[in-house]
Amino acid sequence: MGWLIAAAVAAAVLLLPIVVSVHVYLDAAQKKLFFGVYILRAVKLLGGYAAPAPGGIALHLTRRRAVLLPYGEMLAAGKKFKLARGFSVADAAFVLEVGRAEQPALAIIAAAAARIAACIGAAYLRARTRSGGLHADVLLRMGEDSFKASGRILIAFNIAVLLAAAAKLLLRKMMQGGKRQGASQTLKGERT
């Protein structure tokens, strides 16, 4: 009977969804993107801010620790990085605040464009995930310069998907290592 309970607990741990909440806040005047990553909306996993730096983006994780992400590596990583099918966006909500003191018409155009983009994003998310959605609001600030955005994205996954993605990545690395080793042996064989 004890093994049955242990198997049920293991299956629950592997298959029950885990929700990770990503909170972001962009302030264009400060040129910073603040972020926080929470598990189950309660336990903070990671937080800090990103700011432009010479040659890349500086990711400040603590007051004394920052990591530089070079632009070239970020572009190359974007081509290699693909989300596993088990990761899904459960919900997303954004608020955009725009304003122009001297040209209020530009702020109105930006607000309208943001609403159109939000509608397109919501339709795409509903069609792709068939659950959750995208909620977006736009605040128009008349008489002042402002460009701020805040948002929250809920990503759902389970441990089984995470383990499968890790195994897939490990196998891919092993296969690439084998191909390189075979290519170097072929070159050595041709030289002799």
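Basis of the calculations
- Just so you know, the residues in each chain are numbered from 1, in the order the chain's sequence is written.
- Under the rules for a predicted model, residues below a pLDDT of 70 receive no local features and side-chain atom pairs below 80 are neither given nor counted, while totals for whole chains, interfaces and linings still include all residues.
- Derived side-chain values reflect all non-hydrogen atoms in the structure, with water molecules and hydrogen atoms excluded from consideration.
- Two strands qualify as a pair provided DSSP detects at least 2 bridges between them.
- Secondary structure is summarised from DSSP: a helix means a run of H or I of at least four residues, a strand means a run of E of at least two, and numbering begins at the N terminus for each.
- To get an axis, a line is fitted to the C-alpha atoms, and for a helix only the part in contact is used. The angle between two axes follows their N-to-C directions and goes from 0 to 180 degrees.
- Criterion for a salt bridge: a side-chain nitrogen of Lys or Arg within 4 Å of a carboxyl oxygen of Asp or Glu.
- Categorising residues by exposure relies on relative accessible area from a 1.4 Å probe, with only protein chains included: less than 20% of the type maximum marks a residue as buried, more than 50% marks it as exposed, and the intermediate range marks it as partly exposed.
- What makes a nonpolar core is a set of buried Ala, Val, Leu, Ile, Met, Phe, Trp, Tyr and Cys residues whose side-chain atoms join them at distances within 4.5 Å.
- Residue contacts are defined here by distance: any two heavy atoms, one from each residue, within 4.5 Å place the two residues in contact.

S.K.: Mind showing me how you'd approach the sheet that holds strand S5 (residues 66-70) here?
M.R.: In a beta sheet, neighbouring strands pair by backbone hydrogen bonds and run either parallel or antiparallel. If you trace the 8 strands from one edge of the open sheet to the other, you get S5-S4-S3-S2-S1-S8-S6-S7, paired in mixed fashion. If you trace the sheet from one side to the other, it starts and ends with S5 and strand S7 (134-140), each paired once. Taking each pair of neighbouring strands and ignoring which way they run, the sheet shows an average axis angle of 15 degrees. Pairing geometry for strand S6 (residues 88-99) and strand S8 (residues 146-157), over 11 bridges, is antiparallel.

S.K.: Mind showing me how you'd approach the pattern of salt bridges here?
M.R.: When their charged atoms lie close together, side chains carrying opposite charge are able to pair. One pass over the structure, following the stated rule, counts 3 salt bridges. A salt bridge links Arg152 to Asp91, with the shortest nitrogen-to-oxygen separation between them at 3.5 Å. One end of the pair, Arg152, is in strand S8; the other, Asp91, is in strand S6, and 61 residues separate them in sequence. There is no split in this pair, since Arg152 and Asp91 are both buried. Glu144 is the salt-bridge partner of Arg141, the closest N and O atoms lying 3.3 Å from each other. Classification of Glu144 by relative accessible area gives partly exposed; the value is 34%.

S.K.: How should the nonpolar core be read in this particular structure?
M.R.: If you look at the biggest cluster of nonpolar residues, it comprises 6 residues: Ala92, Ala118, Ala122, Leu125, Leu134 and Ala136. The set of elements that each furnish at least two residues to this core consists of helix H3 (104-129) and S7. It is H3 that provides the largest number of residues to this core, a total of 3 residues. Those residues in contact with Leu134, other than ones at most four positions away along the chain, are Ala92, Phe94, Ala118, Gly121, Ala122 and Leu125.

S.K.: I would appreciate a short explanation of the pairing of strand S4 (residues 56-60) in the present structure.
M.R.: The side chains of a regular strand alternate between both faces of the sheet. As paired strands, strand S3 (residues 43-53) and S4 are joined by 5 bridges and run antiparallel to one another. When the bridges of S4 are listed, Ala53 appears paired with Gly56. The pairing of S4 with S5 spans 5 bridges and is antiparallel. Bridging from a neighbouring strand, His60 pairs with Ala66 of S5. Taking the residues between adjacent antiparallel strands as the criterion, S4 and S5 are bridged by 5 residues.

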